Amino acid sequence: MRRGKLIAAVVATALAFSMSACAEDSGSSTSADSSGGAGGSGTIKSGLKVAFLPKQVNNPYFDTSDNKGGKVAVEEFKGTYSETGPSEASPSAQVSYINTLSQQGANVIAVSANDKDAICGALKDARQNGAKVVTYDSDTKPECRDLFINQASTEGIAKIQVKLISDAIGADGGEIAILSATANATNQNAWIEQMKTELAKPEYSKLKLVDTVYGDDDDQKSFQEAQGLLAKHPNLKGIISPTTVGIAAAGRYLSGSSYKGKVQLTGLGTPNQMKAYVKDGTVKAFALWNPADLGYLAAYAGAALASGLIKGKEGDKFTAGKLGEFTVGKDGVVLLGDPYTFKADNIDQFNF
């Protein structure tokens, strides 16, 4: 997908959420011409078992990425889709699910890792049993999977969040804090480190990072952590929450408190979660990619691997349905694109 056409693509995807994406069965395999399948002249095998394993189930972000993205893609190439996972995000909670999926003969396991190390052993066993492993949203060590579908570059995600909090607070700057997900989440930690690098730049010299706390992608704990930040740091001017659960919980706390409009909030959220807080003035702007596109791309990448169309090597090319052609980069990373900024004048255009 090319980010220059991001708005049109996101709107199209949002509209597609209410439509059936089941393709017409035409035989034992799906051609690139008939379904937008991977590979210029190859075919995706019909009947692939594709399982999505998010950090936690019943999370709005993963409901979108998996069920409104991954499932749509799997139906397009005539595979069998499933989603399973823990109800709480923790480093080792995903291991038993990986083992079960491997035993059930999953052809593709798409997993968003709660920890880059904890699930590696189980993933390696699954690969030895024949499964292709694609990480999305949050990676493991490269040797533990075949591909990583990265929603955006670490640098791009960090830059946009630091810029948004700086713009929201204004020229005088002040103290800021980060409300993250779990302490072991690979993507969160990478973004936070890169945000620290951004904050060291001269243009952000008036911003001071005073604390980083973890809500464990749990709504109530994230709400309490946001509350605790303000109690601990009475001069706090802004919060960055690079997690959809955290930013929504922080928005709910700020919007009902005396800090509304005084303490700025930004981070990564979905439009449907954040619309009310943008419209009531709690949040000026926030960012995200389209999570449905992320799951959709992960499914097609896994199918291309399982069909032998690519090996996951740097330079491999495959086609991901409506999103177009992608190229595998260094360390088996496939980049979806740049994050997008949502604000009052555009948020009503989106529905996810």
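Note on numbering: residues in each chain are counted from 1, in written sequence order. This being a predicted model, a pLDDT of at least 70 is required before a residue's local features are given, and a value of 80 or more before pairs of side-chain atoms are given or counted; all residues contribute to the totals for chains, interfaces and linings. Values reported for side chains reflect all heavy atoms of the structure, with hydrogen atoms and water molecules removed beforehand.

S.K.: Help me out: how do you make sense of the overall build of the protein in this one?
M.R.: Looking only at helices and strands, one finds 11 helices and 16 strands in the protein. Taken across its 352 residues, the protein has 57% of its residues classed as buried. Within the protein, contacts between residues at least 6 apart in sequence are counted, and of these 71% link residues at least 24 apart. Put simply, the protein shows about 13,900 Å² of open surface, and 47% of that area lies on carbon and sulfur atoms. Each helix corresponds to a stretch of at least 4 residues labelled H or I by DSSP, and each strand to a stretch of at least 2 residues labelled E; elements are numbered beginning at the N terminus. Residue burial is assigned from relative accessible area. The probe radius is 1.4 Å, only protein chains are included, and a residue is buried under 20% of its type maximum, exposed over 50%, and partly exposed in between. Between two residues, a contact is recorded if the distance between any of their heavy atoms is within 4.5 Å. Throughout, the Shrake-Rupley method with a 1.4 Å probe supplies accessible areas, and for residues the shown protein chains are the sole cover considered.

S.K.: Just to check I follow, could you spell out the sheet that holds strand β4 (residues 80-83) for this structure?
M.R.: Whether parallel or antiparallel, the strands of a sheet pair through hydrogen bonds between backbone atoms. Read across the sheet, 6 strands follow the order β4-β3-β5-β6-β7-β15 without closing on themselves; strand pairing throughout is parallel. Edge positions in the sheet fall to β4 and β15 (333-335), since each of these pairs with one other strand and no more. In this sheet, neighbouring strand axes are inclined to one another by 20° on average, regardless of whether the strands run parallel or antiparallel. Here the rule is simple: two strands pair whenever DSSP picks up at least two bridges between them. Note: strand β6 (residues 132-136) against strand β7 (residues 147-150), 3 bridges, orientation parallel. Bridging across to β7, Thr135 finds its partner in Phe148. Lines fitted to C-alpha atoms define the axes here, with helix axes fitted over just the stretch in contact, and angles between the N-to-C directions of these axes take values from 0 to 180 degrees.

S.K.: Would you explain the packing of helix α3 (residues 60-76) against helix α11 (residues 291-306) in this entry?
M.R.: Each pair of packed helices can be summarised by the angle the axes make with each other and by the distance between the axes. At a minimum axis distance of 7 Å, the contact between α3 and α11 shows a crossing angle of 40°. Taken together, the axes of α3 and α11 lie oblique to each other. Crossing of α3 against α11: the hand is right-handed. Here α3 contributes Tyr61, Thr64, Ser65, Lys68, Gly69, Gly70, Val72, Ala73, Val74 and Glu76 to the contact with α11, which in turn contributes Pro291, Ala292, Leu294, Gly295, Tyr296, Ala299 and Tyr300. Under the scheme applied, nonpolar residues are Ala, Val, Leu, Ile, Met, Phe, Trp, Tyr, Cys and Pro; charged residues are Asp, Glu, Lys and Arg; polar residues are all the others, including Gly. Considered class by class, the residues forming the contact of α3 with α11 number 10 nonpolar, 5 polar and 2 charged. Note on terminology: angles under 35 degrees are roughly parallel, angles over 145 are roughly antiparallel, angles of 65 to 115 are roughly perpendicular, and the others are oblique. Left-handed describes a crossing whose near helix is turned anticlockwise from the far helix by less than a right angle; the clockwise case is right-handed.

S.K.: Help me understand the sheet that holds strand β9 (residues 207-214) in this model?
M.R.: Spatial ordering of the open sheet is given by β9-β8-β10-β11, a layout of 4 strands whose pairing is parallel. Unpaired on one side and paired on the other, β9 and β11 (264-267) mark the two borders of the sheet. On average, adjacent strands in this sheet sit at an angle of 25° to one another, irrespective of strand direction. Pairing between strand β8 (residues 174-180) and strand β10 (residues 236-241): 4 bridges, direction parallel. The residue bridging Ile178 from the neighbouring strand is Ile240, located in β10. Each of β8, β9 and β10 is contacted by helix α7 (residues 186-199), which is oriented at about 165° to β8, the strand it contacts most. On the sheet, helix α9 (residues 244-255) packs against β8, β10 and β11 and is oriented at approximately 165° with respect to β11.

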